[in-house]
Structure formats: C-alpha cells, structure tokens
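Structural characterization, general
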Amino acid sequence: MDFKVATELEYFRAVPWCAKRLDRDNLWVLPIIRTPPGDAIQGGTAASSDQFFLKTLNTPETVAHLLATAEMPDGGGPASQQPVDEVNVFLAIGAGVMGFKGRAHGAFLAGIFDFAFIIKLGTEGAGAAVMKPPPVVTSSLNIRYRAPLRMDPEGRGLAHMRIVVKARSRQEAPAKRLVFEAVMDCEGTVVATAEAVYVQPRPRL
C-alpha cells in the first residue's frame, strides 16, 4: 500500500464512526493518491485526471483528508475481475468549502458525489484491480439535499468535518446507460442522496 494511502487510512481509523465502516473483512483500499500542492499528478488511478479533487481541493482548508475503499464481492479480492458491490469515499473537509452560515456549500457536495461516481465507474466491468472507467459521459446528476452539513454542529471546535459517500450501481435498460446511486452521511445523519446516469457517447461521423 502506498505510504500516502496508508496515512489516510490511519487518519480515518482514528475516527470511531469511520473505523466501524473500515473494519470489514471484504474491504479493499483503492489506490487514490493525491499529490502535494504544486506537483503534477502522476499514476493511473481511476480519478487521475480529476485535478479538481486530487490537486485543486488538496488543501488543509478544503479536503484535508481523502480515502476510497471498495466492498468486494464474496470471495473476491483486489485481483478479482468482478465489479465491486459498493465504493465508500471518506473525506475530512475544512472551512474553505463553507457556503451559508457555517454550512458546506451545496455545489461542493455535488462535486463530492460526482467524484465518488467517477471512482465507482473505475470499478465497473473489469473489476477493481484495473481501476479504469469506461468511455462514458455524464448524462444527468440529480441531488436531493436532506439536511445541512454544518461544519461544527456541536461546537466541539473541530478543524474538519468528516463525511462518507456510499456509491453503488444498478442495471437499467438500455444497456448503454450506467446508473449510480449514492448516500452522503455524517456520523449516521443522511446529508444528501444522489443519482447519476452515464452514457456512451456516439462516435463522430
């Protein structure tokens, strides 16, 4: 495991409610590696071209910590050629993403959902070991905001609010449509839900 990924895993395991989600036998930590500010993005991870999260928002005031894990099918492992059942993206976010009166900006939450879906796309078809999304484009992204995400709801003086996004896919006709659903929560409170549809673009004549 990459040192940076291992460090992020250690950070979230120190958070009790996150640790419960990480203590599973069929869990695999995905190789989503962020680079220090100013460095070029390297490697071939599923989201390696997404500089918005891996580089631009890679600051202590925005997304200070980021970890992605996959729920492997029964009997599967990192080398399995089966798509994973579920992807979980853990984030620790800072005051730089606030919108109205100490709440996380809704547009930022939309970006988190899109990022989680990109990672889930990377596990479709060829299995988690490949981590390469198919050639599709976003057709729609629908979000339902359920509760405000307050940066420090209980006045505990937290520097960062920790959240997790659970992303799953489902089959839907026609075959060219890839439909994904996700739930964002914070310590058991559902903040928002989302659904996205990805389609294969038509080749140019």
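Because the structure is predicted, anything quoted here is derived from the model rather than measured. The written sequence of each chain sets the order in which its residues are numbered from 1. Side-chain atom pairs in this predicted model are given and counted only at pLDDT of 80 or more, local residue features only at pLDDT of at least 70, and totals for whole chains, interfaces and linings cover all residues. Each side-chain value is worked out from all heavy atoms of the structure, with water and hydrogens disregarded.

1. Looking at the overall build of the chain
What counts is decided by this rule: A helix here means a DSSP run of H or I that spans at least four residues, while a strand means a run of E at least two residues long, and both kinds are numbered starting from the N terminus. Throughout this description, buried means an accessible area under 20% of the type-specific maximum (1.4 Å probe, protein chains only), exposed means over 50%, and partly exposed covers the range between. Between two residues, a contact is recorded if the distance between any of their heavy atoms is within 4.5 Å. Using the Shrake-Rupley algorithm and a 1.4 Å probe, accessible areas are obtained, with residue cover drawn only from the displayed protein chains.
Of regular secondary structure, the chain possesses four helices and seven strands. Buried residues in the chain amount to 44% of all 205 residues. In the chain, once contacts between residues fewer than 6 apart in sequence are set aside, the share between residues at least 24 apart is 67%. For the chain, the accessible surface area stands at approximately 10700 Å², while carbon and sulfur atoms represent 52% of it.

2. Digging into unusual backbone geometry
A positive phi angle, close to 55°, is found at Glu187, a residue other than glycine. With respect to the helices and strands, Glu187 occurs in the loop between strand S6 (177-186) and strand S7 (189-199). Given the relative accessible area of 41%, Glu187 is considered partly exposed.

3. What about the pattern of salt bridges?
Cut-off, in case you're wondering: Definition used for salt bridges: Asp or Glu carboxyl oxygen within 4 Å of a side-chain nitrogen of Lys or Arg.
For the structure shown, the criterion picks out three salt bridges. One salt bridge in this structure joins Arg21 and Asp185, with 2.8 Å as the shortest N-O distance. With Arg21 in helix H2 (residues 16-22) and Asp185 in strand S6, this pair connects stretches of sequence that are 164 residues apart. The pair formed by Arg21 and Asp185 is uniform in burial state, with each residue classed as buried.

4. Quick notes on the state of the cysteines
What counts, and what does not: Throughout, disulfides are identified as pairs of cysteine sulfur atoms within 2.5 Å of each other.
Using the criterion set out here, one finds zero disulfides in the structure. In this model Cys18 remains outside any disulfide bridge; the closest cysteine sulfur is found in Cys186, 8.5 Å from its own. For Cys18, a relative accessible area of 0% translates into the label buried.

5. Here we look at the packing of aromatic side chains
Note the following rule: Pairing of aromatic rings covers Phe, Tyr and Trp, the last counted by its six-membered ring, and requires centre-to-centre distances within 6.5 Å; plane angles under 30 degrees mean stacked, over 60 mean edge-to-face, and any other angle means tilted.
For the coordinates displayed, the defined rule picks out seven aromatic pairs. Seen from their ring centres, Tyr11 and Phe12 are 4.9 Å apart, and the 90° between their planes marks the pair as edge-to-face. Given a relative accessible area of 19%, Tyr11 falls into the buried group. Seen from their ring centres, Phe12 and Phe90 are 5.7 Å apart, and the 45° between their planes marks the pair as tilted.

6. Some thoughts on the side chain of Thr123
Our working rule: By the criterion applied in these results, polar contacts are pairs of N or O atoms within 3.5 Å in which, for protein atoms, one can donate a hydrogen and the other can accept it, and in which residues neighboring in sequence qualify only through two side-chain atoms.
Position of Thr123 among the secondary structure elements: in the loop between helix H4 (106-121) and strand S4 (137-145). Judged by relative accessible area, Thr123 falls into the buried class, the value being 0%. Within the structure, the side chain of Thr123 is placed 2.8 Å from the backbone oxygen of Lys120, a separation counted as a polar contact.

7. Some points on the environment of Glu181
Note on placement: Glu181 falls in strand S6. We classify Glu181 as partly exposed; its relative accessible area is 39%. Taking the C-alpha atoms as reference, Glu181 lies 8.3 Å from Phe117; in sequence the two are 64 residues apart. For Glu181, the residues in contact, after removing those within four places along its chain, are Phe117, Lys166, Ala167, Arg168, Arg170, Ala194 and Glu195.

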